[in-house]
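Breakdown of the fold
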Amino acid sequence: MNSYSHLLFKRGFLLTDSLHLEFKDELTQNTVGKWKLYNIGKFRLYYDGCLPMSVVENNRYKVALLGLVLNPFDEVNDIHLIAKKLLSKMKKGEEEFLDYLDELSGRFVIITQTPYKTEVYNDACGTRTVYYNTKGIGTTISSHSSIIADLFGYKKSKIASDILTSKDFIGRKYLPGLMSPYDEIKPLSPNTKYHIEKRSVIRIFPRDPLPENVDTEELVSDLTSIMRKQASLLCENHKISISLTAGLDSRLTYSTYNSIDGDINYFTHMNINSTSAYKEDIRIGSELAKLKNAPYTIYEYPSNNNRDEISDFKVVWEKNLGFNRGSMLLYKMYADKFPENRVHVRSNIAEIARVFYKNRSETLNPKKLARLYTRSTIGQDPHVISSFQDFINTAKFRKDNFFNFEYQDLFYWEHRMPMWHSWIVNESDVAYETFVPYNNRVLLKMMLSAPFEIRGSGELFVRMINEMWPETLQFPVNKEIMV
């Protein structure tokens, strides 16, 4: 008996037209077989009982919403009310539905059904991963690639494995294009939807240009107002734990909660085998927590030498990801030590607005995307180049679909975030649910409308911090004083 089996595919779901689930793996069978079941037309929706879920329907129109969701624009944090609004908007027309979808924050998946079609949408940056099978009869969609693979008996992809383990791959490692741990399975990229009956991916964003000649002072005021509302809505329903580092995005998140009432604490993690690497994060994190006289915890790892226990956890951890990649000992520590029923507020995704890719070449082709993906020689591998051609074709990642958005910003949004960051969020499901304050299309669009220089220098975020809690800038940001 695996002592961590209860953490397998935590917060997961499976949508399939298969009438009977017969997995090739016993652990998967025992896990998914115990999930709740809801029928959506001819499809069967299985989902982990800890996952918030709402289904609303009217006259053969249906919306199923699963996950943590709120809307800071109309100030609603009730999943049932949001599902009802989605259904109402859907019946009025796709444009109204998508406009409302763009306002939603959280980590969720939406399944819609009309008399004519069934479609699947993920959250703004795909933090709730969605995978679909590309081969075989019938359709199966899931939060985890391994669930689909265990249902159909797919084997691990040698190509994907060779890329991740190549000695030529230097730097942060994640899969290129739309690769997954299995050749027959693809991830649904952000800003697209999946049409089940047609088995096709359809782009849904952007639908209009970025505003130009924006008044930065007014923009800062609008952004901070939205973020404060969002923080308040989150704290109404959840106990939260905010991770702190010495970075700018972390400082912005911390500043947002200055005047928010709720059960809030703070933390930083540290590898006990390389404490110096975490020294600045811990120093700044502890100083920030003192400003609020708030609880602050340092989580240390690794510390468990029980080989059997590590072996059990490794089986679950690897199946959750599909590959042996990531930070197993870190998330085992969190699984063992992190308090139950607290939502982790993490500060990724904001980088989308901060000009991560400095090279602003006009040309968009597979080789250019591979060069943005990695500077190491693995980027020249034919399989990597081919994977980005598939990404361009499947996600309709073409400049004529982008209005005045720069493709480098959208590439960071639609590729690096889901293929790297969302895997980390999946990895952490063994310990907690995750909320990312910047995971909202309207919010990101507003940030991207700021002048290029202000975004790239970090000035936009510094202005937002000064608006909400200027005292936090008395401490250096990544060892640099910013005012």
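Residues numbered from 1 in each chain as written. Predicted model: local features only at pLDDT ≥ 70, side-chain atom pairs only at ≥ 80, totals over all residues. Heavy atoms only, no water.

**Some words on the sheet that holds strand β7 (residues 118-122)**
On the basis of which strands lie adjacent, the open sheet formed by six strands has the order β4-β5-β6-β7-β11-β12 and antiparallel pairing. Of all strands in the sheet, those with a lone pairing partner are β4 (53-58) and β12 (200-203), marking the two edges. Looking at each pair of strands side by side, their axes are set apart by 20° on average, direction ignored. Pairing analysis gives nine bridges linking strand β5 (residues 61-70) to strand β6 (residues 105-113), with the strands arranged antiparallel. Bridge pairing in β6 links Leu68 to Arg107. (Pairing = 2+ DSSP bridges. Helix = DSSP H or I, 4+ residues; strand = E, 2+ residues; numbered from the N terminus. Axes fitted to C-alpha atoms, helices over the stretch in contact; angles between N-to-C directions.)

**Concerning the packing of aromatic side chains**
Evaluation of the coordinates by the stated rule reveals 30 aromatic pairs. Centre to centre, the rings of Phe267 and Tyr334 are 5.9 Å apart; their planes meet at 80°, and the pair counts as edge-to-face. Of this pair, Phe267 sits in strand β14 (residues 264-271) while Tyr334 sits in helix α10 (residues 328-337), and the two are 67 residues apart along the sequence. For Phe267, a relative accessible area of 3% puts it in the buried group. (Phe/Tyr/Trp six-rings, centres within 6.5 Å; stacked < 30°, edge-to-face > 60°. Buried < 20%, exposed > 50% of the residue type's maximum accessible area, 1.4 Å probe, protein only.)

**Focus: the packing of helix α6 (residues 216-237) against helix α16 (residues 459-468)**
The contact between α6 and α16 brings their axes to 9 Å, and the two run at 60°. In this structure, the crossing between α6 and α16 has a hand that is right-handed. Contacts between α6 and α16 involve Thr216, Glu217, Leu219, Val220, Ser221, Leu223, Thr224, Met227 and Arg228 from the first element and Leu460, Arg463, Met464, Glu467 and Met468 from the second. Tallied by class, the residues present in the contact of α6 with α16 amount to seven nonpolar, three polar and four charged. (Left-handed = near helix turned anticlockwise from the far one by under 90°. Contact = heavy atoms within 4.5 Å. Nonpolar A, V, L, I, M, F, W, Y, C, P; charged D, E, K, R; others polar.)

**As for the nonpolar core**
Residues Ile110, Tyr334, Leu369 and Leu460 are the most contacted members of the largest nonpolar core, which totals 126 residues. In terms of residue count, helix α13 (residues 407-428) provides more of this core than any other element does, ten residues in total. Not counting the four nearest positions on each side in its chain, Ile110 is found in contact with Val63, Ala64, Leu65, Leu86, Phe97, Leu101, Leu104, Glu119, Val120 and Tyr121. Judged by nonpolar contacts, the second largest core, of 23 residues, contains Ala231, Leu234, Leu244 and Ala294. (Core = buried A, V, L, I, M, F, W, Y, C linked by side-chain atoms within 4.5 Å.)

**Looking at the environment of Leu86**
Mapped onto the fold, Leu86 is located in helix α2 (residues 79-92). Its relative accessible area of 0% is what places Leu86 among the buried residues. As a C-alpha pair, Leu86 and Val63 span 23 residues in sequence and 7.2 Å in three-dimensional space. When residues no more than four places from it in sequence are discounted, the contact partners of Leu86 are Val63, Leu65, Phe97, Tyr100, Leu104 and Ile110.

**Considerations on helix α11 (residues 366-373)**
Of all the positions in α11, only Pro366, Leu369, Ala370, Leu372 and Tyr373 are classed as buried. Within α11, the buried residues cover an arc of 160° as seen down the axis, which keeps them to one side. On its buried face, α11 is in contact with α5 (158-165), α12 (382-394) and α13. You can read the cap of α11 off the contacts: a side-chain oxygen lies 3.1 Å from the backbone nitrogen of Lys367, and it is on Asn365. (Arc of directions from axis to C-beta. Polar contact = N/O pair within 3.5 Å; in protein donor to acceptor, adjacent residues only side chain to side chain.)

**Details of the pairing of strand β11 (residues 192-195)**
Looking along a regular strand, one sees side chains alternate from face to face of the sheet. Along β11, one buried face is formed by Thr192 and Tyr194 and the opposite face, lined by Lys193 and His195, is buried too. Two elements, β7 and β11, share three bridges in a ladder whose sense is antiparallel. When the bridges of β11 are listed, Glu119 appears paired with His195. Sheet analysis places β11 next to β12, joined by four bridges and oriented antiparallel. Bridging from a neighbouring strand, His195 pairs with Ser200 of β12. In textbook terms, the turn of a hairpin is the stretch between consecutive antiparallel strands, and for β11 and β12 this stretch comprises four residues, one of which, Arg199, has a positive phi near 50°.

**Notes on α16**
When α16 is considered as a whole, its buried residues turn out to be Leu460, Phe461, Val462, Met464, Ile465 and Met468. Summarising the contacts, the buried residues of α16 are in contact with α6, α7 (248-256), α14 (441-448) and α15 (452-457).

**Quick notes on unusual backbone geometry**
Omega for the peptide link from Phe205 to Pro206 comes to 0°, which places this bond in the cis form. On the secondary structure map, Pro206 appears in the loop between β12 and α6. Despite not being glycine, Val355 has its phi angle at roughly 55°, a positive value. By the element assignment, Val355 lies in the loop between β16 (342-345) and α11. Residue classification places Val355 among the buried residues on the basis of a relative accessible area of 2%. One non-glycine residue, Lys396, lies in the positive phi region at around 55°. The residue Lys396 is located in the loop between α12 and α13 in this model.

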